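One letter stands for each residue in the lines below.
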Amino acid sequence: MSRTILHLDLDAFFCAVEELRDPALRGKAFAVGGQPETRGVVASCSYAARRHGVRSAMPMSRALRLCPGLLVVRPRHGAYHEASQQVMERLHALTELVEQISIDEAFLDVTALPEPGEAIARRLQARIRAELELPCSLGVASNKLVAKIATDVGKASARGDGPPSAILVVPPGSEAAFLAPLPARALWGVGPSTAERLAALGIATIGDIAAAPEAELVRAFGKNGYALHRHAQGLDDSPIVTFHEAKSMSREVTYARDVSDERALRRTLDELADDVAQQLHAAGKGGLTVKLKLRWPDFTTLTRQESLPEPACDAAAIRAAAHRLFDKTWERGKAVRLIGVGVSGLMDPLHQLGLWDRDWQREGRILEAVRELQKRYGADVVRRGAPE
Amino acid sequence: MRVACLQENLAKGLAMVSRAVATRSALPVLANILLRTAGGELTLSATDLELAIGYRVGAKVDEDGAITVPARLLAGFVTSLPPERIDLAVDVRTKSLNLRCAQYETSIKGIDAVEFPLLPAAAPDDPVIALAPELWREMIEQVTLAAATDESRPVLTGALLRLEGHTLILAASDGFRLSVRSAELPREMGNVQEVVVPARALQEVGRACQEEPNEPVAMSISAQRSQIFFRAGKISLVSQLLEGSFPDYSRLIPTGYVTRATLDTAQFRDAVRLALFFARDSANIVRLRLIPAGAGPRGQVQVAASSAEAGSHVGQLAAAVEGDEMSIAFNARYLLEALNVIHAEQVTLEATAPTRPGLLRPAGDPTFLHVIHVIVV
């Protein structure tokens, strides 16, 4: 039986939230993001700004050159997070099968609902508009791949100055025909380099990919060739994933100005390690691998990692590993543009007790007491802290 | 020097002494092996100044002499020669060692023997303890596995060797586990004596015991010079003792237990080995559940491991379990290494609490015990 999948994308989400705060922004060319003098990038831009060629992820300095009157609005992530949650709550009210893929995008599986997909999409769009004053676009199809592309195509073909608020339905059976005229780039997993290699094979559209012999694609792209061929025909059976177990946790910062002062770098390392420790703590996990990421002013980026004998969840252990990696990677005086600390290999935190630890017997009694407390009052009542 | 010996004997000796050759040393001669003839014998020696190994090769000596040659080259080369007679001669003028074997003639450049450090020898009046090589080998194997491999507390990279009355005790601990093995001495020793021997030196003694299984292996300690000597047939070994006193381990050995399981050693070992496949990605954690006999006639020990990526595994072993049911977690590698050196058919595991160290012993054998501290989640 064919599935009915909705893809929902909030239109210029951060900008829409900003317009709620300050209605004077409506219709103006503005962008949410970092200041140009601190190497800010465009996180989201209004439709008026888009008409000047401004796009998200673009350096703010470039956006200002394209659109000299552009208003730059400082992002308020707390507000976006809150608005996003309210949207997601409305999706969850409809079905449990919701897969949130970013702050402003989600898939829904509405196969089990009695109404047709298009009607559900219209109702959802109207509700979010009425209750939250946020515009959104939806794609309706028999799978995630086609639903998402439907949203993109719907948005791109919208006319008018305001948000697209598009709804595009691809009826079951017409997936391949819908995709065929689109450029190969529109397909999942086709980035600039794959597109270039496809072009070299004389393949420009998704239809061309579908028509190409599978063997040829496999020869050119290995295992990905199979997926490419299937996707080009509009075939995708990936399910709605309602729960993601985190595989890693990380934090990074890009400095406003390159930093080469060792003390400042190490201070940042400590802060990042503490942040990651806090994330781990909140998730009740420890990590077996600590990773350091450094980006030089010329944008070359390197990552170095270290395995720990047991999963670390305390800031001290993560700090220590991060500094060891830093010692191995950084040369005195070298300027750093970005620095990041991450932890992967997540698992329940555990601790090998040591025989020579002076107070192991005392530690044993403490652990027993902690366990007793957790049994009675729940796991969160008390946790291991980090020694300062 | 002019001497003849068999390729096989020379190759064996070179392989043995090569283990004491310094891998990184400021002194070039320490990368060499000393060949010396005296009293109708050819002796090979190597040292890194902490450990020295000597080997007497059966040979026909025509003219006494000595030279040192690069260890890796000589050992590798001689091993590759055909199993025939080798004639060795030193060219004093060019400081090289000439070898003739079958259709091959070789000259290897060396360094003058006077450059080689003088190796200490046991004083004739040091008391000697001789034990069967098989006993030495087993004791060393059981104890050195628990010695520390990192240098953060150098004394823990060694094993305590204690002589008291009729007993010899070897003990080692890396902070997470503790091995203690005792043996009866053929005669009573005088004063109590305690020294700390580098685990690496003991492991070489263990190897020598395997090489020379037929005669007792003699040990003597020179306390003043802080050296220990071993002689196993053709092999002699000298090691510097470690400085510092070994921490008192007696308080680490659990006294009494809440749960005790007795089970088949080989089955337990196999179960831990299987669990290790699933423990590898999760810090080697293996969870044991000791379940006393309830409804059934016998108890059991469950050996379980799991990882988010690999999956999960549980083994159920029949066991005699006394006391309360207990769940306790260990590093599977530690458990496996201990079970690998327990040769008794049955092993006992005693536990006091999931947060207290566990105690492993060969059933019915009071001479060996192994303490492993737990992993707590």
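Just so it is clear, the structure is predicted and the values come from calculations on it, not from any experiment.

Asks: I'd like a rundown of the domain arrangement of chain B, residues and numbers included.
Replies: It is common to give the size of an interface as the accessible area lost on bringing the parts into contact. According to the domain assignment, chain B consists of domain 1 (2–115), domain 2 (128–250) and domain 3 (253–372). Distance from the C-alpha centre of domain 1 of chain B to the C-alpha centre of domain 3 of chain B: 49 Å.

Asks: Let's hear about the sheet that holds strand 20 (residues 299–307) of chain B: which residues, and what values?
Replies: All names here are of chain B. The strand order 14-11-12-13-25-24-23-18-21-20-19-22 describes an open sheet built from twelve strands, whose pairing is antiparallel. One side of each edge strand has no neighbouring strand; the edge strands of this open sheet are strand 14 (193–198) and strand 22 (326–331). Strand-to-strand, the axes of this sheet are offset by a mean angle of 25 degrees, without reference to chain direction. Summarising the sheet, strand 24 (residues 358–362) and strand 25 (residues 368–372) pair through three bridges and their orientation is antiparallel. By the bridge assignment for strand 25, L359 is matched with V371.

Asks: Tell me about the nonpolar core, and please be specific about residues and values.
Replies: The biggest cluster of nonpolar side chains holds 105 residues, and the ones touching the most others in it are L88(B) and F268(B). Non-local contacts of F268(B), meaning those with residues more than four positions away in its chain, are made with L263(B), L288(B), V303(B), L317(B), L335(B), L339(B), V347(B) and L360(B). In this structure, L6(A), F13(A), V17(A) and L124(A) belong to the second largest nonpolar core, which totals 33 residues.

Asks: Which residues make up the domain arrangement of chain A, and what are the values?
Replies: When cut into domains, chain A gives domain 1 (13–77), domain 2 (177–232), domain 3 (248–352) and domain 4 (356–388). Look at where the C-alpha atoms of domain 1 of chain A and domain 2 of chain A centre, and you get two points 34 Å apart.

Asks: Please set out unusual backbone geometry residue by residue, giving values where relevant.
Replies: Residues and elements named next belong to chain B. Residues other than glycine seldom take positive phi values, yet L49 does so here, at roughly 75 degrees. Looking at the element boundaries, L49 is found in the loop between strand 3 (41–47) and strand 4 (51–57). At A102, a position not held by glycine, the phi torsion is positive, near 50 degrees. Its place among the elements puts A102 in the loop between strand 8 (96–101) and strand 9 (104–109).

Asks: Describe the sheet that holds strand 1 (residues 5–10) of chain A, and please don't skip the residues or the numbers.
Replies: Residues and elements named next belong to chain A. As summarised here, the arrangement of the five strands in space is 5-6-1-7-8, forming an open sheet in which the pairing is mixed. The sheet is open, and its two edges are formed by strand 5 (98–102) and strand 8 (167–169), each paired on a single side. Going from strand to strand, the sheet's axes swing by 15 degrees on average, the running direction of each strand aside. Relative to strand 8, strand 7 (residues 136–141) runs parallel, the two being bridged by three bridges. Each residue of the ladder has a partner; that of V140, found in strand 8, is V169.

Asks: I'd love a proper account of the packing of aromatic side chains, names of residues and values included.
Replies: All names here are of chain A. All told, the structure shown has seven aromatic pairs over all chains when counted by the stated rule. Taken together, a centroid distance of 6.5 Å and an interplanar angle of 75 degrees make the contact between F107 and W188 edge-to-face. Taken together, the residues F107 in strand 6 (residues 105–109) and W188 in the loop between helix 7 (175–179) and helix 8 (192–200) connect sequence positions 81 residues apart. Of the residues examined, W188 reaches a relative accessible area of 27% and is grouped as partly exposed. Ring centres of F326 and W330 lie 5.1 Å apart, and the angle between their planes is 15 degrees; this geometry places the pair in the stacked category. For W330, a relative accessible area of 9% gives the class buried. Clustering of aromatic rings is evident, with ring pairs tying together F13, F14 and Y80.

Asks: Give me the lowdown on the confidence of the model for chain B, citing residues and values where you can.
Replies: Confidence in the prediction of chain B, expressed as mean pLDDT, is 93, and 99% of residues score 70 or more. Across chain B, the element-wise mean pLDDT spans from 89 in strand 26 (residues 375–376) of chain B up to 98 in strand 23 (residues 346–351) of chain B.

Asks: Please provide a residue-by-residue account of empty space enclosed by the protein, values included.
Replies: All names here are of chain B. Across all of its chains, the model carries one cavity of 30 Å³ or more by this definition. One number sums up the size of the largest cavity: a volume of about 40 Å³. Around the largest cavity, the lining residues are P127, I129, L163, M189, Q193, M219, S220 and I221.

Asks: Could you give an account of the pairing of strand 17 (residues 235–240) of chain B, with specific residues and numbers?
Replies: Remember that side chains alternate between the two faces of the sheet whenever the strand is regular. All names here are of chain B. As paired elements, strand 4 and strand 17 share five bridges and run antiparallel to each other. Looking at the pairing, Y55 lines up with I235 of strand 17. The sheet contact formed by strand 16 (residues 227–232) and strand 17 spans six bridges and is antiparallel. Across the sheet, the residue bridging to A232 is I235, located in strand 17. Connecting the antiparallel pair strand 16 and strand 17 is a turn made up of two residues, with G233 showing a positive phi of about 55 degrees.

Asks: Give a detailed account of the pairing of strand 16 of chain B, specifying residues and quantitative values.
Replies: Judged by how many residues are buried, strand 16 of chain B sits mostly within the fold: five of six residues are covered. Between strand 15 (residues 217–222) of chain B and the antiparallel strand that follows it, strand 16 of chain B, lie four residues; S226(B) among them carries a positive phi value of about 45 degrees.

Asks: Please give an account of the interface of chain A and chain B that cites residues and values.
Replies: Contact residues are listed per partner, giving 20 residues for chain A and 30 residues for chain B. Here chain A packs against chain B, burying approximately 2,200 Å² in sum over the two surfaces, 64% of which is carbon and sulfur. Scanning the region where chain A abuts chain B turns up zero salt bridges. Here chain A is connected to chain B by five residue pairs in polar contact (both at pLDDT 80 or more).

Cut-offs applied
- Residues numbered from 1 in each chain as written.
- Chains lettered and ligands numbered in written order.
- Predicted model: local features only at pLDDT ≥ 70, side-chain atom pairs only at ≥ 80, totals over all residues.
- Heavy atoms only, no water.
- Domains from an automatic or database assignment.
- Pairing = 2+ DSSP bridges.
- Helix = DSSP H or I, 4+ residues; strand = E, 2+ residues; numbered from the N terminus.
- Axes fitted to C-alpha atoms, helices over the stretch in contact; angles between N-to-C directions.
- Core = buried A, V, L, I, M, F, W, Y, C linked by side-chain atoms within 4.5 Å.
- Buried < 20%, exposed > 50% of the residue type's maximum accessible area, 1.4 Å probe, protein only.
- Contact = heavy atoms within 4.5 Å.
- Phe/Tyr/Trp six-rings, centres within 6.5 Å; stacked < 30°, edge-to-face > 60°.
- pLDDT = per-residue confidence, 0-100.
- 1 Å grid on protein atoms, 1.4 Å probe; cavity = no way out; pocket = protein on both sides within 12 Å on 5 of 7 lines; lining within 4 Å.
- Points joined across faces, edges and corners; volume = space filled by probe spheres on them.
- Buried area = accessible area lost by both parts, 1.4 Å probe.
- Salt bridge = Lys/Arg side-chain N within 4 Å of Asp/Glu carboxyl O.
- Polar contact = N/O pair within 3.5 Å; in protein donor to acceptor, adjacent residues only side chain to side chain.

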